[in-house]
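The primary structure of each chain is shown beneath.
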Amino acid sequence: MSLPHYVVDMRSDTVSSPTIEMREAMCTAAVGDDVYGEDPTVLKLEQKSIDLFKKQAALFVPSGTMANLLAIMVHCHRRGSEAIVGDLSHTFLYEQAGAAQIAGVQLTTIQNRTDGTFCLDELQRKMHLYDDCHEPLTSLVIVENTHNMCGGKVIPLRWLDELISICKNKEMTNGKTIALHMDGARVFNAAQYLNESVARIARDFDSVCFCLSKGLSAPVGSVLLGSKTFIAEARRLRKVLGGGMRQCGILAAAGLVALEKIVPLLPEDHRRTRRIAQAINNLRSSNFNVDLDNVHTNILLIHMINPKISASSFAKRLAEVTQKELNENITITDETGQEMRGIQLKVSSRDWTYARIVLYNQISDKDIEYAIKKIEYVIQEYDHNLVLGKIC
């Protein structure tokens, strides 16, 4: 009986799996009731996070979406407040309008630049800083770092410092307090790219969160950090959002392994991402391209130049195996050297003009080799069919 095709899943680093060491740590974790603040493994994870980020306090939560919502709810404590975000931010696009739906907070957007930043002059124009009963109260600015939908871009420290100089200058905010929150789901990737500490990157932000279950390979969880007062209120609000997890040291144990063992491996993900980008760039396709010079971390966007090609059709083709490609040796050989198997590559696409690839700990150099083999074949197939007019 033929073996199933070989699957390389690069849709997201959320499909990463906990390592054997994580599973062992979870099995033996000391636990208590975290709602009472008595789970020793959770307390250890929170303290480890405090030490890394140099913040006063930390809170373990089920997800990054909850962490961001908690930050919004604490910083924008009055209903009818406003938070300003990039128009491609995860908070705006992919968190179900939780700020409005649950917190009663308006999200005002500024167009993200390709590097993940936005125009600071426009930020100042959009802030509502006067006591006008017609307007919302600008209370918060949110920055995503690294920036997912801009291709894993690392936000420049110089730009962050300029943003901080605006929001923390009472002369520029009409005496108002404008809080800063960093959605740092992949901030450890940013730290590796910049060769800086996460403490430096988030230094002047009032709050920051990071995800354990993306590229860090833990099964569940994010950590939210800020001042003791901020975290005390976030802890209270976590309960009403359903985030009190009781004996969740079993989950926190995996997070501790992630911080100690997976973070140092992130540069390998970055190297492998760049390897795929280089291979695509070398094809010199007139229908697909990548921004090779700006591949920062573990996310790669493959752009469709030709409007006749959709990202969804490209993704669908990568996940298919045809008899023609098997005949042309777009295969792998099993361990016995006897059975040839096709390659199914899973990538992410929606109604975008690009397909997204995200790497993580379980993607090996062999997987990269197979992914490149499949991508090169499919791109050349598209190029050939377009020349022949087979794609309309």
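The model shown is predicted, which means the values in this text are computed figures rather than measured ones. (Residues numbered from 1 in each chain as written. Predicted model: local features only at pLDDT ≥ 70, side-chain atom pairs only at ≥ 80, totals over all residues. Heavy atoms only, no water.)

**Q** Explanation requested: helix α2 (residues 40-53) in the structure shown.
**A** Along an α-helix, residues three or four apart share an orientation, since each turn contains 3.6 residues. Compared with an ideal rise of 1.5 Å per residue, which puts 14 residues at 20 Å, α2 spans 20 Å between its outermost C-alpha atoms and is within 8% of the ideal. Every buried residue of α2 is listed here: Thr41, Val42, Leu45, Glu46, Ser49, Ile50 and Phe53. For α2, the N-terminal capping position is held by aspartate 39, with its side-chain oxygen 3.0 Å away from the main-chain nitrogen of threonine 41. (Helix = DSSP H or I, 4+ residues; strand = E, 2+ residues; numbered from the N terminus. Expected span 1.5 Å × (residues − 1). Buried < 20%, exposed > 50% of the residue type's maximum accessible area, 1.4 Å probe, protein only. Polar contact = N/O pair within 3.5 Å; in protein donor to acceptor, adjacent residues only side chain to side chain.)

**Q** What exactly am I supposed to notice about the pairing of strand β13 (residues 354-358) here?
**A** Residues in a regular strand point their side chains to alternate faces of the sheet. Counting buried positions along β13 yields 5 of 5 residues, so the element is predominantly enclosed. Summarising the sheet, strand β10 (residues 299-304) and β13 pair through 5 bridges and their orientation is antiparallel. Residue pairing in the sheet places histidine 303 in a bridge with tyrosine 354 of β13. (Pairing = 2+ DSSP bridges.)

**Q** How should the packing of helix α8 (residues 187-194) against helix α12 (residues 266-283) be read in this particular structure?
**A** A pair of packed helices is captured by two measures, namely the crossing angle of their axes and the spacing between those axes. Orientation of α8 relative to α12, taken along the N-to-C sense of each, is 80°, at an axis distance of 9 Å. As far as their axial angle goes, α12 and α8 are roughly perpendicular. On α12, the residues touching Phe188, Asn189, Gln192 and Tyr193 of α8 are Leu266, Pro267 and His270. Of the residues contributing to the contact of α8 with α12, the split by class is 4 nonpolar, 3 polar and no charged. (Axes fitted to C-alpha atoms, helices over the stretch in contact; angles between N-to-C directions. Parallel < 35°, antiparallel > 145°, perpendicular 65-115°, else oblique. Contact = heavy atoms within 4.5 Å. Nonpolar A, V, L, I, M, F, W, Y, C, P; charged D, E, K, R; others polar.)

**Q** Honestly, the UniProt feature "domain: Aromatic amino acid beta-eliminating lyase/threonine aldolase" (unreviewed entry) in the protein chain in this entry has me stumped. Any pointers?
**A** When the UniProt feature table is mapped onto this chain, "domain: Aromatic amino acid beta-eliminating lyase/threonine aldolase" (unreviewed entry) is found at residues 9-299. For residues 9-299, the end-to-end C-alpha separation is 13 Å, with 41% helix and 15% strand making up the annotated structure. (UniProt positions renumbered as here; feature names shortened; annotations may be inferred.)

**Q** Looking at this structure, I do not really get the sheet that holds strand β12 (residues 340-346). What am I missing?
**A** Pairing between the strands of a sheet is mediated by backbone hydrogen bonds and can be parallel or antiparallel. With respect to topology, 3 strands assemble into an open sheet ordered β1-β12-β11, the strand pairing being mixed. Of all the strands in the sheet, just β1 (6-9) and β11 (331-333) have a single pairing partner and so form its edges. Across this sheet, the average inter-strand angle for adjacent strands is 35°, counted without regard to direction. Relative to β12, β11 is paired through 3 bridges, and the arrangement is antiparallel.

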